[in-house]
Amino acid sequence: ARPNSPRGDRTDAMSRLVATVARAPASRLEPRRRAVAPSPGSTSPAGGFHVVVVDVDPSRPRPPPPPPRSSRRSVGAARGRCGRTPTTATASMREDSFDLGSYDPEMDGYEPPEVSVKDVAKGERIGEGSFAVVFAGTVAGVGDVVLKQYRRDVRGRDWFSFYADERAMCRRLRDRPGVAPFVGVAGSDLYLVWRDVGKRTLANVMEEARTRAAGKSGDVLHDALTLAASEMGLTTAGKEGGSTAAGEEGGLTDSEVFVAVARGLIEAVVSINDADVVHRDVKPDNVLLTSPEKGSPGGARVLMVDLGGAADYQTGQGTDGSEAIFDPTYGAPEQFKRVKNRSRSVAGMFAGFGTNRDVDVSGIGDLEATGAAPTAAFDAFGVGLTLLRLATPALHPATSMKLARSAMDEAADRVSEREGKGDEGGSVLDEWASGPGSGSCDFGLLDELGAWSLLEGLTQWDPDRRMTLEEALRHPSLN
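A short tour of the structure in this document, coming up. Please read all numbers here as calculations on a predicted model, not as lab measurements.

Turning our attention to the overall build of the chain. Scanning the chain for helices and strands turns up 15 helices and 15 strands. Per-residue burial for the chain yields a buried fraction of 46% across its 479 residues. By element, 50% of the accessible surface of the chain is carried by carbon and sulfur atoms, the whole surface being about 24,200 Å².

This paragraph deals with the nonpolar core. One finds Phe258, Leu265, Val383, Leu388, Trp432 and Leu446 to be the most contacted residues of the largest nonpolar core, which totals 90 residues. With eleven residues, helix α8 (residues 254-273) is the largest single contributor of residues to this core. Not counting residues within four places of it along the chain, the set of residues in contact with Leu446 comprises Phe258, Leu388, Ala391, Ala451, Trp452 and Leu455. Listed in part, the 13 residues of the second largest apolar core include Val117, Val133, Ala186 and Val193.

Before going further, it helps to spend a moment on the packing of helix α6 (residues 202-213) against helix α7 (residues 220-231). Remark: α6 packs on α7, axes separated minimally by 8 Å, with the N-to-C direction vectors making an angle of 135 degrees. The angle between α6 and α7 falls in the class oblique. The two elements α6 and α7 cross, and the hand of that crossing is right-handed. For the pair formed by α6 and α7, the contact residues are Val205, Met206, Glu208, Ala209, Arg210, Arg212 and Ala213 on the first element and Val220, Asp223, Ala224, Leu227, Ala228 and Glu231 on the second. Class assignment of the residues belonging to the contact of α6 with α7 gives a composition of eight nonpolar, no polar and five charged.

Read from one edge to the other, the open sheet built from five strands follows the order β5-β6-β7-β9-β8, with strand pairing classed as antiparallel. The two strands at the open ends of the sheet, each matched to only one other strand, are β5 (120-128) and β8 (182-186). Across this sheet, the average inter-strand angle for adjacent strands is 30 degrees, counted without regard to direction. Relative to strand β9 (residues 191-195), strand β7 (residues 143-150) runs antiparallel, the two sharing four bridges. Directly across from Leu147, in β9, lies its bridge partner Val193.

Another aspect to go through is the pairing of strand β6 (residues 132-139). Of all eight residues that make up β6, six are buried, and the element is covered over most of its length. Here β5 pairs with β6 via six bridges, running antiparallel. In the sheet register, Glu128 faces β6, and the bridge partner there is Val133. The antiparallel hairpin formed by β5 and β6 contains three residues in its connecting segment.

Turning to the pattern of salt bridges, a few remarks are in order. Taken as a whole and judged by the stated rule, the model has 23 salt bridges. Measuring nitrogen to oxygen at the nearest pair gives 3.7 Å for the salt bridge that ties Asp119 to Lys118. For Asp119, a relative accessible area of 27% corresponds to the partly exposed category. Its relative accessible area of 47% is what places Lys118 among the partly exposed residues. The closest approach of N and O atoms between Asp281 and Lys283, which form a salt bridge, is 3.9 Å.

Another aspect to go through is the packing of aromatic side chains. Inspection of every chain in the model, using the stated rule, returns seven aromatic pairs. With a centroid separation of 5.3 Å and an interplanar angle of 75 degrees, the aromatic rings of Tyr150 and Tyr163 are classed as edge-to-face. With Tyr150 in strand β7 and Tyr163 in helix α5 (residues 159-172), this pair connects stretches of sequence that are 13 residues apart. On the accessibility criterion, Tyr163 (1% relative accessible area) is buried. Across from the ring centre of Phe135, 4.4 Å away, lies the NZ or CZ of Lys122, which sits over that ring.

Before going further, it helps to spend a moment on unusual backbone geometry. A positive phi angle is found at Arg280, which is not glycine, with a value near 75 degrees. Its place among the elements puts Arg280 in the loop between β10 (277-278) and β11 (287-289). Arg280 gets classed as buried once you look at its relative accessible area, which sits at 6%. We note that Asp306 has phi near 60 degrees; this positive angle belongs to a residue other than glycine. Residue position: Asp306 is located in the loop between β12 (302-304) and β13 (311-312).

What follows concerns a negative patch on the surface. Together, Asp274, Asp276, Glu470 and Glu471 line one region of the surface with negative charge. Under the relative-accessibility criterion, Asp276 is labelled partly exposed at 39%.

A separate point is helix α11 (residues 398-420). Taking 1.5 Å of rise per residue, the 23 residues of α11 would be expected to cover 33 Å, and the 33 Å separating its terminal C-alpha atoms lies within 8% of that figure. For α11, the secondary structure elements touched by its buried residues are β14 (336-339), α10 (376-391) and α12 (428-433). Once α11 ends, the next one or two residues include Gly422, with phi positive near 90 degrees.

Below, the discussion takes up the side chain of Thr386. Summarising the element assignment, Thr386 is placed in helix α10. On the accessibility criterion, Thr386 (0% relative accessible area) is buried. In this structure, Thr386 is in contact with Leu202, Leu265, Val282, Lys283, Pro284 and Tyr330, ignoring residues within four places of it in sequence.

Definitions and cut-offs
Residues numbered from 1 in each chain as written. Predicted model: local features only at pLDDT ≥ 70, side-chain atom pairs only at ≥ 80, totals over all residues. Heavy atoms only, no water. Helix = DSSP H or I, 4+ residues; strand = E, 2+ residues; numbered from the N terminus. Buried < 20%, exposed > 50% of the residue type's maximum accessible area, 1.4 Å probe, protein only. Areas by Shrake-Rupley, 256 points an atom, 1.4 Å probe, with all protein chains shown as cover. Core = buried A, V, L, I, M, F, W, Y, C linked by side-chain atoms within 4.5 Å. Contact = heavy atoms within 4.5 Å. Axes fitted to C-alpha atoms, helices over the stretch in contact; angles between N-to-C directions. Parallel < 35°, antiparallel > 145°, perpendicular 65-115°, else oblique. Left-handed = near helix turned anticlockwise from the far one by under 90°. Nonpolar A, V, L, I, M, F, W, Y, C, P; charged D, E, K, R; others polar. Pairing = 2+ DSSP bridges. Salt bridge = Lys/Arg side-chain N within 4 Å of Asp/Glu carboxyl O. Phe/Tyr/Trp six-rings, centres within 6.5 Å; stacked < 30°, edge-to-face > 60°. Lys NZ or Arg CZ within 6 Å of the ring centre and 35° of its normal. Patch = residues over 30% accessible without salt bridge, like charges linked within 9 Å, V, L, I, M, F, W, Y side chains within 5 Å. Lys, Arg positive; Asp, Glu negative; His and termini not counted. Charge placed at Lys NZ, Arg CZ, Asp CG, Glu CD. Expected span 1.5 Å × (residues − 1).

Pasting the structure below:
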């Protein structure tokens, strides 16, 4: 640097600073922490920041080393490849960084991903929720897949903890026949990947049947069951006895399709419970319809999806009853209580329900978690209300089902009051069905099958009296 120039002054100042630090006693040197904002797309938890510890005392223990270079493709090699332009080199470096692995704050380092980003081709968007967007896609060597990409821009929500829970649960239940077949993580927590064995849920077919029937005099229940059967690879009988699917006469009746859905759903949830896991969010939106022809595991026709809120009693994940994660429309009543005349919503305790209006359309109160530990009885209750909604056309609109659940909670209060006076309380489902707000409900399919007692047992408000899913499979209406 030139004498007396600003640059020369800065160089002299830096030299003096280095000399001062070198003479400083070692005992005065302490580790310092600083928050570092990562580059766009970082998967660090807690809003995208991570903590870097700078430890200059050689006597202190050192942090674990980074992943060995042998486990990563060389960025330097990517830069030096013959014939690569700067643009293609940058793309290759981006792939390298995304393929470092899955971050877990409880692990030392990173777990290698099951799928390389360079093998993924993302297709059209097929769904979106509070935390994630779902895409169709393909993976080299796998074929058609479903990609779930968590949104990093959800304000006020810890998206990474929900993502990490779902990632862990999908890996844990990878070989279970009752869940969607999990391929793995793509890149550094970029996508969760499942084999594509179907994209339509029970909620989808009910909504489509209702949309088709808008302004017409069609049979919504028959249309919904016909759509479900088609997704499940089953042939159905027409309303006049003819086949609605090509190839065969005398296909399944509406009652038989309902039984196929019910047994498939119960068997899928039982397979999860048998692994010491409680799904905790059984509802039509999480019931995937599939078939052996689509490559479903074990030839299943019904699979469960959305495992992020599940409780795992082998690892302890999600088993804290104060962490209430469920849809209040289908959630077992022992999980929560409604608190009237509250000015502030506590719905933030419940995943995906951020406002009073979303949680309780009837306005009878906010929700508070009771702290009840998750059990298989939680899932049995969700199965019961899911099947009730499918069998009752008036409950196919989501808003109608929410209103019905609120009316059931009021019916439960009436039953409890009678029991408190020493009278016979009866079942909550019977009380609701004979009370206000249920006059438009047609329970003909359930009466035909003799399945009312099945749903009555699965939806007992008292979990100690609730029918188990194993008992449900033996119910006469399903055999």
